[in-house]
Amino acid sequence: MSNQFLDRSNFIRVPVSGLKLGMLVTELDRPWLETPFLLQGFVIRHPSEIRKLQEYCDYVFVEKEGRLWGEKKDPFRASFGRSKRNATSSGGNALHKRARVDNGSASLIQSMHSRPEYPAQNTVENEHPVARRAYEAAHSQVENLLEQARLGNVLDTQGAKDVVGNCIDSILRNPSALLWMVKIKHMDYYTMEHCLNVCILAIAFGRHLRLPENELINLGVGGLLHDVGKMQIPDEVLNKPGKLTEEEFVLMKTHPEEGRKLLMKSQGSLSSAIDVAINHHERMDGKGYPRGLFAHELSSYARIIAIVDAFDAMTSERCYDKARSTLESLKEIYRHRGTHFDEALALEFIQLMGPYPPGTIVELGNGYVGIVLSSQTKKRHLPNVKLVLDNNKQPIFEEFIDLLDVERGTVPREWLIHRVLKDGEHGVFLKDYPVKTAEANSHASENPGFQGDQD
């Protein structure tokens, strides 16, 4: 899209079929918010970025050469972006050798589009009351699991699978309802809600990746139980409001191994859950803990949970840190793709969530306040919004507006999202605004300009 502030004298338009590693992408043929690329301007570092650009764009602008390339290399020569050194040479230490070979999630992502997409089986409005009941029931079950872990007892793995099964049922019908529930946070219940939220986010991510249902079970159980080892950490360390001392941090970093021990002695534990418990803090570059594994040593389950674990933690109010916005958190994941997080999976997760996931409280350009209900995969910046306050910040009867209608030209641009609000701003607390199916359907039928049935 045209940007009046860009000096294009050093840029060249390139079809996406001609993109190569190392090129500096400065502008797209569409708004950045319509893509998973949250930083406006980036160097292509991984084939997955080329695939994503080809999926979203017809052409992009890249820098020709010079200042921004640093060494004034020609990015269009055939060898640009390749290492001068033979990748199979015997040079380098053992750590570099371990890090070199990683097919990673490439086969998982490449085969994604060969697998059938999960169709929505329910409208998001009709799924909301069902999802709310499932989420509330899961609360007490997860509390019981964590209490078992705190006491060092055998875990009720069947109970964990029951929670996951109910979450999968709802997410397969329509993921937006449970993703809304994930946005309702209580700092006093952080560890319990975090385990449940990671479970839900992992299942939703697996659905986006079109994984079969048995793999969704593995992901969900892994997410639900990934932090059980934290229950073996003393409360004064686990819930310390300030920065941990070096000794306390060393103790905190034992929780993956403690989780593995708990799951190993619990009958019926899935091997994938044990893998996730011990490996969810490992990194692609080998600088994680507890074992310093490299990318090629990590399963897809551990890579996925690492991303959703970090995302839910960053977007939550914790005793030692403030919550970040969705966009800030996704930018952190984007910045650390390829080092902390799997590169290709990070881009897919950003595409799944978008800047305004379900449950995001927003103020529109005309002053109305609403809550994001759902959105379409490639139009995450134009969601379906439940309106709750008018432009004078007075409560209104539940109404829904589809911001895709702005793009269609049937709704004025003043309805576009102006900014994201924090929970509680203007007296709007997410927990106080359940979606009422009957009212939603009734009001949508009375107001044909409002929409409420996106996936």
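Check the entry above for the structure.
Predicted, not measured: the structure shown is a model, and the values here were computed from it.

Next up on the list: the overall build of the protein chain. Within the protein chain, the regular secondary structure consists of 17 helices and nine strands. Taking all 455 residues of the protein chain together, the buried fraction comes to 52%. A separation of at least 24 residues holds for 68% of the contacts in the protein chain among residues at least 6 apart in sequence. For the protein chain, the accessible area works out to roughly 20,800 Å², and carbon and sulfur atoms hold 50% of it.

Moving on: the sheet that holds strand S9 (residues 417-420). Reading across the sheet, the five strands line up as S8-S7-S6-S5-S9 and stay open at both edges, with antiparallel pairing between neighbours. Looking at which strands have only one partner, the edges of the open sheet turn out to be strand S8 (395-402) and S9. Between one strand axis and the next, the sheet turns by 35 degrees as a mean value, whatever way the strands run. Pairing geometry for strand S7 (residues 384-389) and S8, over five bridges, is antiparallel. Bridge pairing in S8 links Lys386 to Phe400. Each of strand S6 (369-374) and S7 touches helix H6 (residues 175-182); the most contacted strand, S6, lies at about 130 degrees to it.

Turning to unusual backbone geometry, a few remarks are in order. Residue Pro290 is bonded to the preceding Tyr289 through a cis peptide linkage, with omega at 10 degrees. Considering the arrangement of structural elements, one finds Pro290 in the loop between helix H12 (271-279) and helix H13 (300-314). Its identity as a non-glycine residue notwithstanding, Arg210 has a phi of 65 degrees, on the positive side. Take Arg210: it is sitting in the loop between helix H7 (190-208) and helix H8 (213-225). Unlike most non-glycine residues, Lys393 shows phi in positive territory, near 65 degrees. For Lys393, the location among the structural elements is in the loop between S7 and S8. According to the relative accessible area criterion, Lys393 is partly exposed, its value standing at 22%.

Let us look at the nonpolar core. Of all hydrophobic cores here, the largest spans 106 residues; its most connected members are Leu19, Leu53 and Phe349. At eleven residues, the largest contribution of residues to this core is made by H7. If near-sequence neighbours (up to four positions away) are discounted, Leu53 is found in contact with Val16, Leu19, Val25, Leu28, Phe37, Phe42, Ile44 and Val60. Of all hydrophobic cores here, the second largest spans 14 residues; its members include Val362, Leu364, Ile401 and Val406.

This structure, assessed with the given rule, holds nine aromatic pairs. Between Phe37 and Phe42 the ring centres are 4.7 Å apart and the planes differ by 10 degrees, which places this aromatic pair in the stacked class. In terms of burial, Phe37 and Phe42 fall into one category: buried. When the ring of Phe249 is compared with that of Tyr289, the centres are 6.4 Å apart and the planes differ by 75 degrees; the resulting orientation is edge-to-face. Of the two residues, Phe249 sits in helix H10 (residues 246-252) while Tyr289 sits in the loop between H12 and H13, which places them 40 residues apart along the sequence. Residue Tyr289 is classed as buried on the basis of its relative accessible area of 17%. One aromatic cluster is present, built from ring pairs that chain together Trp32, Phe37, Phe42 and Tyr334. When the ring centre of Tyr59 is taken as origin, the NZ or CZ atom of Arg13, which lies over that ring, is 3.6 Å away. The positively charged end of Arg337 is found above the aromatic ring belonging to Tyr334, 3.9 Å away from the centroid.

Moving on to the sheet that holds strand S2 (residues 24-28). Across the sheet, four strands lie side by side as S1-S4-S2-S3; this open sheet has antiparallel pairing. Edge positions in the open sheet fall to strand S1 (11-15) and strand S3 (42-43), since each of these has one partner strand only.

Let us look at the side chain of Asp275. Here Asp275 lies in helix H12. The charged side chain of Asp275 is buried without a salt bridge, its nearest counter-charge being Arg291 at 5.8 Å. Every residue in contact with Asp275, bar those within four places of it in the chain, is listed here: Ser299, Tyr301 and Ala302.

Each value, and the rule that gives it
Residues numbered from 1 in each chain as written. Predicted model: local features only at pLDDT ≥ 70, side-chain atom pairs only at ≥ 80, totals over all residues. Heavy atoms only, no water. Helix = DSSP H or I, 4+ residues; strand = E, 2+ residues; numbered from the N terminus. Buried < 20%, exposed > 50% of the residue type's maximum accessible area, 1.4 Å probe, protein only. Contact = heavy atoms within 4.5 Å. Areas by Shrake-Rupley, 256 points an atom, 1.4 Å probe, with all protein chains shown as cover. Pairing = 2+ DSSP bridges. Axes fitted to C-alpha atoms, helices over the stretch in contact; angles between N-to-C directions. Core = buried A, V, L, I, M, F, W, Y, C linked by side-chain atoms within 4.5 Å. Phe/Tyr/Trp six-rings, centres within 6.5 Å; stacked < 30°, edge-to-face > 60°. Lys NZ or Arg CZ within 6 Å of the ring centre and 35° of its normal. Lys, Arg positive; Asp, Glu negative; His and termini not counted. Salt bridge = Lys/Arg side-chain N within 4 Å of Asp/Glu carboxyl O.

Functional significance is not addressed by these values, which are geometric in nature.
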